[in-house]
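So you can see what is in the structure, the chains are spelled out below.
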Amino acid sequence: MNTEVGKDLEKVKVLLDNGSTVAIPTETVYGLAANGRNPEAISKIYLAKQRPLSNPLILHYKDAKAAFNDVLNVPKNAKILAEKFWPGPLTMLLEKKSLVPDAVTAGKPRVAVRVPAHKTCQQLLQKLSYPVAAPSANIYGRISPTCVDHVKDQLNTRIPYILDGGPCSKGIESTIIGFDQEKIMIYRLGSVTIEDILSSTNAEVFYVESDAQIEKAPITSGMVKHHYAPNTPMFSSEDLNTSLDLSNCGYIGFDMLHPDFPTSNQFLLDETGLIDAAASQLYRAFHIMDAKRFKHLYITWLPDKGIGRSINDRIKRAIQKNKP
Ligand code: TXA
Ligand code: MG
C-alpha cells in the first residue's frame, strides 16, 4: 500500500467512512485513527501497529457533550475537569454504554475518552458522525510519533494516508485519569499535570505508579515499564562513568551541554530552559539520537514538578530496560 501524506480533510473523511485507518495529528502525539463505531475498521489499527488485542484504545470526540453521551454516570469531577481541560490533553476512563464496541475497550467495562485540541484534528472530528478510535501512531512498544516523518518511519506502506498537521505542540501523550467515587486516580502522567488537577478540584488525587503487580496486569499499557524506549541502551547521566570513552556515546540534556561529551553527540531539549518546550522535544530527541546508533545514550532528569514529572516518568521507563 502506498502511504500518501497530505492535508485533504475530505479525503480523510471518505477513508474513515469506508473503514480505513488514517494517521491524524493531535496536540500530544500523532494517532492512528479509525471509525470508533466500526469493529472491522478498529481491527485494522491493531494489525498495522502490531498491538496486542488486549490493549484498549482511546476514543476522540469533537466535544465534551459527544464524549459524555457515550458513557454512563459522569462523575461531578469529570465534568469539572472536562470544563477546564477539554479540548486538551486529558483522557478520562468512564463506564461505557453498550453502543461503544468491545473492540475499542478490549472487552473492559470502561472506555477512555478525550477531546483533542489540535486544530486540524478538530476540523476533522467536526465533519464526522462518529468518534475516532486512535492509539499513538507507532509500532507497538516503539516511541510515539510527534511529526509526520516519525509516522512515516514506522507505518509507511501499512496505512493509506497521513493527515499532516505539523509537529505536535505538546509532544508527550495525554494524562489518563479515572474516578473511584470521589477520588481521582492518575494512571498515566502526561501534558496535564498533577498540579493542574489538584488545583481544579477538591478531590483526593492518587498517582497509581507502576509496580510489580501492575506489570502483570497493567490498567493502562503506559504503565508497562519498557514502553517509550529507544533501541539504543539508555541510562541516566547520574550513572555516567566518566572513565568511559564517550566519543561514541550520546547525551540528551535539558538546557546545558555536558562537559564530558563531544558537543556533536549532544541534544538539548530546550536551550532556554522552558519545560513545556522540552516536553515537545523529548520523543524527537529519542528518534534523532536513536538514529545516530551510539553505543549508549545518557539523559538528564528534569526538575521533578509539573510537566517535568511527566517527562521524568517517560525517561524512567526508557532507562528501566537497562536496569538489572
Ligand atoms: O495523547 C494520547 O493519549 C494519544 C493521542 C493519539 O490521543 N494516544 C495514545 O494512545 O497515547 P495509546 O493507545 O498509545 O495509549 C493509551 C493508553 C494505553 O496504555 C491503553 O492501554 C490505555 O490508554 N487505555 C485505553 N483505553 C483504556 C481502557 N478502557 N481501560 C484502561 N486503559 C485504557
Ligand atoms: Mg502508545
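Model, not experiment: these values are computed from the prediction.

**Student:** Hey, could you run me through unusual backbone geometry in this one?
**Tutor:** One can expect most non-glycine residues to show negative phi and most peptide bonds to be in trans. With an omega of -5°, the peptide bond between Trp-86 and Pro-87 qualifies as cis. Following the sequence through the fold, Pro-87 ends up in the loop between α4 (76-85) and β5 (90-95). The residue Asn-73 is not glycine, and still its phi comes out positive at about 50°. Of note, Asn-73 is situated in the loop between α3 (64-68) and α4. If you check the backbone angles, Arg-293 has positive phi at about 50° while not being a glycine. You can see Arg-293 is positioned in the loop between α10 (275-291) and β15 (296-299).

**Student:** Where do I start with the packing of helix α1 (residues 9-17) against helix α6 (residues 119-127) in this structure?
**Tutor:** When two helices pack together, their arrangement is given by the angle between their axes and by how far apart the axes lie. At a minimum axis distance of 10 Å, the contact between α1 and α6 shows a crossing angle of 50°. As the angle between them shows, α1 and α6 are arranged oblique. For the crossing formed where α1 meets α6, the hand is right-handed. Here Leu-9, Glu-10, Val-12, Lys-13 and Leu-16 of α1 come into contact with α6, specifically with Thr-120, Gln-123, Leu-124 and Lys-127. Grouping the amino acids of the contact of α1 with α6 by side-chain chemistry returns four nonpolar, two polar and three charged.

**Student:** Any chance you could explain the site of ligand 1 here in plain terms?
**Tutor:** The local shell around ligand 1 holds 25 residues, among which Thr-28, Asn-55, His-60, Arg-110 and Ser-174 are the closest. Taking Arg-110, its main chain carries an N or O atom lying 2.6 Å from a nitrogen atom of ligand 1. In the model, an oxygen atom of ligand 1 is placed 3.0 Å from a nitrogen or oxygen of the Arg-114 side chain. Starting from 670 Å² of accessible surface for ligand 1 in isolation, the protein chains cover 98%. Residue assignment for the shell around ligand 1 shows that the elements contributing at least two residues are β4 (58-60) and β6 (110-114). Per-element tally for the shell around ligand 1: the top contributor is β6, with four residues. When the residues that make up the shell around ligand 1 are grouped by side-chain class, the tally is 10 nonpolar, nine polar and six charged.

**Student:** Hey, could you run me through the confidence of the model for the protein chain in this one?
**Tutor:** Mean pLDDT over the protein chain works out to 92, with 93% of the residues at or above the 70 mark. Below pLDDT 50 for its whole length, residues 211-217 participates in eight contacts with residues either more than four positions away or in separate chains.

**Student:** Mind showing me how you'd approach the side chain of Ser-237 here?
**Tutor:** Within the fold, Ser-237 resides in the loop between β12 (234-236) and β13 (249-253). The contacts of Ser-237, once residues within four sequence positions are left out, are Tyr-251, Tyr-298, Ile-299 and Thr-300.

**Student:** Sorry, what's going on with the sheet that holds β12 here?
**Tutor:** What links the strands of a sheet is backbone hydrogen bonding, and the strands pair in either a parallel or an antiparallel sense. The parallel open sheet is built from four strands, whose spatial order is β12-β15-β13-β14. At either end of the open sheet lies a strand with only one pairing partner, and these are β12 and β14 (266-268). Sheet twist, expressed as the mean angle between neighbouring strand axes with direction ignored, is 20°.

**Student:** Which parts of the structure should I look at to understand the domain arrangement of the protein chain?
**Tutor:** Accessible area lost on assembly of the parts is the figure often given for the size of an interface. What the domain assignment lists for the protein chain is domain 1 (4-216) and domain 2 (234-322). Of note, the centres of domain 1 and domain 2, computed from C-alpha atoms alone, are 27 Å apart. On the domain 1 side of the contact with domain 2, Ile-143, Ile-172 and Leu-189 bury the most area, a combined 35% of that side's loss. Summed over the shared surface of domain 1 and domain 2, the number is two salt bridges. Across the pair Glu-195 and Arg-309 runs a salt bridge whose closest N-O atoms are separated by 2.9 Å. There are nine residue pairs in polar contact (both at pLDDT 80 or more) connecting domain 1 and domain 2. Listed by contribution, the elements that provide at least two residues to the side of domain 1 that touches domain 2 are α7 (148-155) and α8 (194-198). Taken together, the residues of the side of domain 1 that touches domain 2 sort by class into eight nonpolar, 10 polar and five charged.

Rules used in this analysis
- Residues numbered from 1 in each chain as written.
- Chains lettered and ligands numbered in written order.
- Predicted model: local features only at pLDDT ≥ 70, side-chain atom pairs only at ≥ 80, totals over all residues.
- Heavy atoms only, no water.
- Helix = DSSP H or I, 4+ residues; strand = E, 2+ residues; numbered from the N terminus.
- Axes fitted to C-alpha atoms, helices over the stretch in contact; angles between N-to-C directions.
- Parallel < 35°, antiparallel > 145°, perpendicular 65-115°, else oblique.
- Left-handed = near helix turned anticlockwise from the far one by under 90°.
- Contact = heavy atoms within 4.5 Å.
- Nonpolar A, V, L, I, M, F, W, Y, C, P; charged D, E, K, R; others polar.
- Near = heavy atom within 4 Å.
- Polar contact = N/O pair within 3.5 Å; in protein donor to acceptor, adjacent residues only side chain to side chain.
- Areas by Shrake-Rupley, 256 points an atom, 1.4 Å probe, with all protein chains shown as cover.
- pLDDT = per-residue confidence, 0-100.
- Pairing = 2+ DSSP bridges.
- Domains from an automatic or database assignment.
- Buried area = accessible area lost by both parts, 1.4 Å probe.
- Salt bridge = Lys/Arg side-chain N within 4 Å of Asp/Glu carboxyl O.

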